[in-house]
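Observations on chain architecture
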Amino acid sequence: MPAALLEVEDLSVAYGRISALDGVDLVVPDGSVVALLGPNGAGKSTLLKAVAGLVPPIAGRVVLAGESLEGVPAHCRADLGVCLIPEGRGIFPSLTVADNLDVALSSHDEGMRRVVDYFPVLGERRAQLAGTLSGGEQQMLALARAVGAQPRLLMADELSLGLAPLLVRTIAETLERVHEEESRTILLVEQYATLALRLADLVYILNRGRLVWAGEPDELRASKVLVESYLGG
Amino acid sequence: MIWVQLTVVGVAIGAIYALAGMGLVLTYKATGIFNFAYGGIAMLVAYMYWQMRSQWHWPLVIAAPIALLVVGPGIGVLLERVVFRPLERRGASTPEKLVATLGVFLLCLGLAFKIWTGIVRQGSRIVSGRSLQFGGNVRLGFDQLFVLVFTLVVCVLLWMLFSRTHIGTEIRAVVDRRELAELSAIDANRVARISWALGCGLAGATGVLLASGSPLDPYHFTLLVVEAFSVAVVARLVSLPVAVAAGVLLLGVLQSLLSRVDFGHVPFTGIHFSHGWTQALNSLKGANISAFILVVALIVDRRLDDVGGGSSTTGLVSRTMGGRARARSRSGWVVPALVGAAAVLLPFFIDTITLPYAQITVALAITFTSIVCITGFAGQITLFQAVVAGFGAFIAARVNISLGVPVLVAIPIGGLAATLLGIATGFPALKRRGLFLGLTTLAVGLFVHSFVFDNQIFAGGAQGIRANRPGLFGLSFDSPRSFYWFELVVAGLMLLLARNLRSGRLGRVLAAMRDSDTAARSIGVDLRAYKLFIFGASSFIAGVGGCLLAEQARVFNAVTGYDLFTSLFWFVVVIVAGVGSIGGSTTSSTSTGSRSCWSRSAPCSSGICPARPSSAC
């Protein structure tokens, strides 16, 4: 078992009086792909936001490579290699494709080469405003920004949301390639359970803010009760 | 040769307008906020510079860098930390931020009055007053040359900042999606701090240059920001080169050349008219041409529909409107009934010196109710309500004095005139949302004020027009108490009208329109008709309120009220007191009236307080 890159310990988050996460423990091993599954309102997006530093926890802590991230603001976490592609379109619509990438890339030339290698279409649209790209291209740009930033931990929240099946497959293949070629650690929140299970080494299921199951994808596939209860059959 | 000289002068003046416009565009590009406080900040820095140079006698080399590099940017950093960062953090809507800048604007104005009073000072020159002589008697002052060079340098630097530097891209990223920028390792707070420092630094530079060798007082100086507004709107809040061109050519050169045009003279014919209207037209030349440009730009440029965002007044209004009145229990009438009874009995408990303040309070309650109707009920931002009130008062006074129409008839005529003004404004504003709707109303307000109220032929100049108090069947409402009770009756009628606007189906439709244009359209609401209706209805109420304000003072005098400042002040006061309910209008008017009463000051000229009680009450 590789060392843990991310450890979430007894994490609780609340929006006002409403509890979104309640004492969640979770480990993401270095170089692995971890899928976070669960029904709507389970707290998956909140967990990613808490790791990225966008929402403050009321209890518990987040540890990256043995270092606690307590009190570390979001932009510093991004500097440390925590990268979140948020739900929706993770792009700046008023900026050009080139500016979008420029903002994200840590090493400009190397990052740009990598991006064009993964997403040739973005190279052709460098001067176009990101908001005018199609939905699929916008999501590719969001992924490209994340890949170009060369993060230690890549978190993606519903990357496939609202995309045609063909595009979902392209994005899944890109993620697979990123993981295999660059050994990136990936934490995925995904509605397409089949896609997540295909990529993941480890699966966590959240329900109503609590962790209800953790295990390997094969175990999950074998458990009809779990699939029916939390993944909608 | 005179035209060449006028063009040179126009270019120099236009360069300052261009600088002001660029500062406003920069602030919008860099923060996503249209800074209504821009003129206020410019004025504060100009005063600080004057203080250092003229009062403390500091040398130029110390005073100028402190004013331009420390005071202006410092104000920006302070505002970002204290006002705008908390608003960003809680995801405030565009109208909320707009109100915040209005609040800062009024604060600047109040501070300037408190520290430097309203006395007109002579602004300290930043460069020598000497000039260069060219062939054919064309002169260019050193200060004008300095402004030209300074504007050019700022223009190039800003262009480079946004198109050639990484921080420029970061600034645009933070404005676009702050949270995502933070996820991209950008320190959004640092970027916002830099943006505000830059924006306010430029405001400070504008202020110091505008005040250089010119009169400096809080009220008129801050009005110069209107030029910045028109330049920024012509530039659609995004284009710095267009801002420069608009400032120099449209405002500077055009206004300068226009000053020599004689509307009574037909060129090349020697024919000269001396008709009153040509005199009126000639007197308009001195009026604020930028108000005209602002109106035209806002009406003509349809591309503005796509800018300005944030149509909903989320955050300003509680979501409990529309049909709520139906569910009101009997106990809900207790408080209004008690307030009404107390208001009726009030004259028996206060002296005749205090009564005028009560009269103002009642008139203000009516005008504030009009803001509640249009902003609270229907979600339309209005920044010209004082002008609408003034227009009603102006027409009522005119028909009473010139045509001999009884005051009691003149008041509804004034209300109807205000209604027409409201509808005329509502028509171009039909497609406008949020910020640009507010600006359109502001522009119309400025236009009416500049071209009607400020015109001696129409509005009687500094003396104003006599505003008589009403009478009925030989019964006069001239005495303080009787006029106060007459006001109460009118206020009761207007509040009843407002209450009907928000109840039943009409109230629900307006609430739907307020929350989402798209959602309202999707359920079959004809937005155009309802928007025009609410503009008209609220303007009627404002017009009637304006009549009473003028009659309370016994004169319609646009110099002491009904202007931009009053409009902005009223809007902020009502928002703060609660624009979601009619109670908000009475609370805000009572607080305004009682504040005037306690201070016993003459607050009118500051624009901070809407009206001064007439001494002859």
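Note that this is a predicted model, so its numbers are computed, not measured.

Right, let's get into the overall build of chain A. Looking only at helices and strands, chain A has 10 helices and 10 strands in total. Taking all 233 residues of chain A together, 53% fall into the buried category. Within chain A, contacts between residues at least 6 apart in sequence are counted, and of these 69% link residues at least 24 apart. For chain A, the accessible surface area stands at approximately 10,000 Å², while carbon and sulfur atoms represent 50% of it.

Each helix and strand in chain B was counted, giving 26 helices and 8 strands. Sequence-distant contacts, at least 24 apart, represent 79% of the contacts inside chain B between residues at least 6 apart. As displayed, chain B offers around 24,500 Å² of accessible surface, 67% of which is attributable to carbon and sulfur atoms.

A few words on the interface of chain A and chain B. A common way to express how large an interface is: the accessible area buried when the components associate. Each partner contributes residues to the interface: chain A has 19 residues there, and chain B has 15 residues. Applying the counting rule to chain A against chain B returns 1 salt bridge. Listing elements by their share of the side of chain A that touches chain B, those giving two or more residues are helix 2 (74-79) and helix 3 (97-104) of chain A. A total of 4 residues in the side of chain A that touches chain B trace back to one element, the largest contributor, which is helix 2 of chain A. When its residues are assigned to classes, the side of chain A that touches chain B shows 11 nonpolar, 3 polar and 5 charged.

Moving on to the sheet that holds strand 8 (residues 185-189) of chain A. All names here are of chain A. Across the sheet, 6 strands lie side by side as 6-7-8-3-9-10; this open sheet has mixed pairing. With one partner strand each, in any of the chains shown, strand 6 (82-85) and strand 10 (210-215) form the two edges of the open sheet. Adjacent strand axes in the sheet meet at a mean angle of 20 degrees when their direction is disregarded. Looking at chain direction, strand 3 (residues 33-37) and strand 9 (residues 202-207) are connected through 4 bridges and run parallel. Bridge pairing in strand 9 links Ala35 to Val203. With respect to the sheet, helix 1 (residues 44-52) is in contact with strand 3, strand 6, strand 7 (153-157), strand 8 and strand 9, its orientation differing from that of strand 7 by roughly 145 degrees.

Time to look at empty space enclosed by the protein. Residues and elements named next belong to chain B. Counted according to the given criterion, the structure contains 5 cavities of 30 Å³ or more. In this model, the second largest cavity occupies a volume close to 70 Å³. In this structure, the second largest cavity is lined by Ala393, Ala396, Ala397, Asn400, Val407, Ala410, Ala467, Asn468, Cys547, Ala550 and Glu551. At the level of elements, helix 17 (385-403), helix 18 (407-426) and helix 24 (527-553) are the ones that each hand at least two residues to the lining of the second largest cavity.

With that out of the way, let us pick up helix 16 (residues 355-377) of chain B. Residue and element names in this part refer to chain B. In this model, helix 16 (23 residues) spans 31 Å end to end at C-alpha, consistent with the 33 Å of a helix rising 1.5 Å per residue. Within helix 16, 23 of the 23 residues are buried, which leaves the element mostly enclosed by the surrounding structure. Among the residues trailing helix 16, Gly379 stands out with phi positive, at a value near 75 degrees.

Attention now moves to the packing of helix 16 of chain B against helix 24 of chain B. Residues and elements named next belong to chain B. It is the contact of helix 16 with helix 24, at a shortest axis distance of 8 Å, that shows an interaxial angle of 170 degrees. On the basis of their axis angle, the class for helix 16 and helix 24 is roughly antiparallel. Seen from helix 16, the contacting residues are Pro356, Gln359, Ile360, Ala363, Leu364, Ile366, Thr367, Thr369, Ser370, Cys373 and Ile374; seen from helix 24, they are Ile534, Phe535, Ser538, Ile541, Ala542, Gly545, Gly546, Leu548, Leu549 and Gln552. Here the contact of helix 16 with helix 24 is composed, by residue class, of 13 nonpolar, 8 polar and no charged.

All names here are of chain A. The backbone of Glu158 shows a phi angle near 55 degrees, a positive value even though the residue is not glycine. Within the fold, Glu158 resides in the loop between strand 7 and helix 7 (165-182). Here Glu158 falls in the buried class, since its relative accessible area comes to 5%. Located in the positive-phi region is Ser183, a residue other than glycine, with phi close to 55 degrees. Residue position: Ser183 is located in the loop between helix 7 and strand 8.

Below, the discussion takes up the packing of aromatic side chains. By convention here, two paired aromatic rings are described through the distance between centres and the angle between planes. Residue and element names in this part refer to chain B. This structure, assessed with the given rule, holds 19 aromatic pairs over all chains. Between Trp56 and Trp58, the ring centres sit 5.3 Å apart and the planes meet at 40 degrees, which makes this aromatic pair tilted. An aromatic cluster is built from Phe391, Phe394, Phe453, Phe556 and Tyr562, whose rings are joined through pairwise contacts. Positioned over the ring face of Phe483 is Arg469, at 4.3 Å from the centre of the ring.

This paragraph deals with the confidence of the model for chain B. Residues and elements named next belong to chain B. Looking at chain B as a whole, the pLDDT averages 80, with 84% of positions reaching at least 70. Contacts of residues 318-327 to residues separated by more than four positions or lying in other chains number 23 contacts, the stretch itself having pLDDT below 50. Residue range residues 602-617 is modelled with pLDDT below 50. Its contacts to residues more than four positions away, or to other chains, number 51 contacts.

Another aspect to go through is the pairing of strand 7 of chain A. All names here are of chain A. Within strand 7, 5 of the 5 residues are buried, which leaves the element mostly enclosed by the surrounding structure. Across the two faces of strand 7 the burial is the same, with Leu153, Met155 and Asp157 and Leu154 and Ala156 all buried. As defined by bridge partners, strand 6 adjoins strand 7 across 4 bridges and the pair is classed as parallel. Residue pairing in the sheet places Val82 in a bridge with Leu153 of strand 7. On the question of chirality, the crossover connecting strand 7 to the parallel strand 8 by way of helix 7 is right-handed.

Using the criterion set out here, one finds 13 salt bridges over all chains in the structure. Between Arg184 of chain A and Glu182 of chain A there is a salt bridge, with its nearest N and O atoms 3.1 Å apart. Taken individually, Arg184 of chain A and Glu182 of chain A each receive the classification buried, so the pair is uniform in this respect. A salt bridge links Arg554 of chain B to Asp478 of chain B; the shortest N-O distance between them is 3.0 Å. Of this pair, Arg554 of chain B sits in the loop between helix 24 and strand 8 (555-556) while Asp478 of chain B sits in the loop between strand 7 (475-476) and helix 21 (480-502), placing them 76 residues apart in sequence. Relative accessible area serves as the criterion here: at 24%, Arg554 of chain B is assigned to the partly exposed category. You can call Asp478 of chain B partly exposed: its relative accessible area is 34%. Taken together, the salt bridges that share partners define one network made up of Asp117, Arg177 and Glu181 of chain A.

Let us now look at the pairing of strand 8 of chain A. Residues and elements named next belong to chain A. In terms of burial, strand 8 is largely enclosed, as 5 of its 5 residues are buried. Of the strand pairs in this sheet, strand 3 and strand 8 are connected by 4 bridges, and their pairing is parallel. Bridged to Ala35 within strand 8 is Leu188. One ladder, built from 5 bridges, connects strand 7 with strand 8; its direction is parallel.

Rules used throughout
- Residues numbered from 1 in each chain as written.
- Chains lettered and ligands numbered in written order.
- Predicted model: local features only at pLDDT ≥ 70, side-chain atom pairs only at ≥ 80, totals over all residues.
- Heavy atoms only, no water.
- Helix = DSSP H or I, 4+ residues; strand = E, 2+ residues; numbered from the N terminus.
- Buried < 20%, exposed > 50% of the residue type's maximum accessible area, 1.4 Å probe, protein only.
- Contact = heavy atoms within 4.5 Å.
- Areas by Shrake-Rupley, 256 points an atom, 1.4 Å probe, with all protein chains shown as cover.
- Salt bridge = Lys/Arg side-chain N within 4 Å of Asp/Glu carboxyl O.
- Nonpolar A, V, L, I, M, F, W, Y, C, P; charged D, E, K, R; others polar.
- Pairing = 2+ DSSP bridges.
- Axes fitted to C-alpha atoms, helices over the stretch in contact; angles between N-to-C directions.
- 1 Å grid on protein atoms, 1.4 Å probe; cavity = no way out; pocket = protein on both sides within 12 Å on 5 of 7 lines; lining within 4 Å.
- Points joined across faces, edges and corners; volume = space filled by probe spheres on them.
- Expected span 1.5 Å × (residues − 1).
- Parallel < 35°, antiparallel > 145°, perpendicular 65-115°, else oblique.
- Phe/Tyr/Trp six-rings, centres within 6.5 Å; stacked < 30°, edge-to-face > 60°.
- Lys NZ or Arg CZ within 6 Å of the ring centre and 35° of its normal.
- pLDDT = per-residue confidence, 0-100.
- Right-handed = clockwise from strand over helix to strand, strands pointing away.

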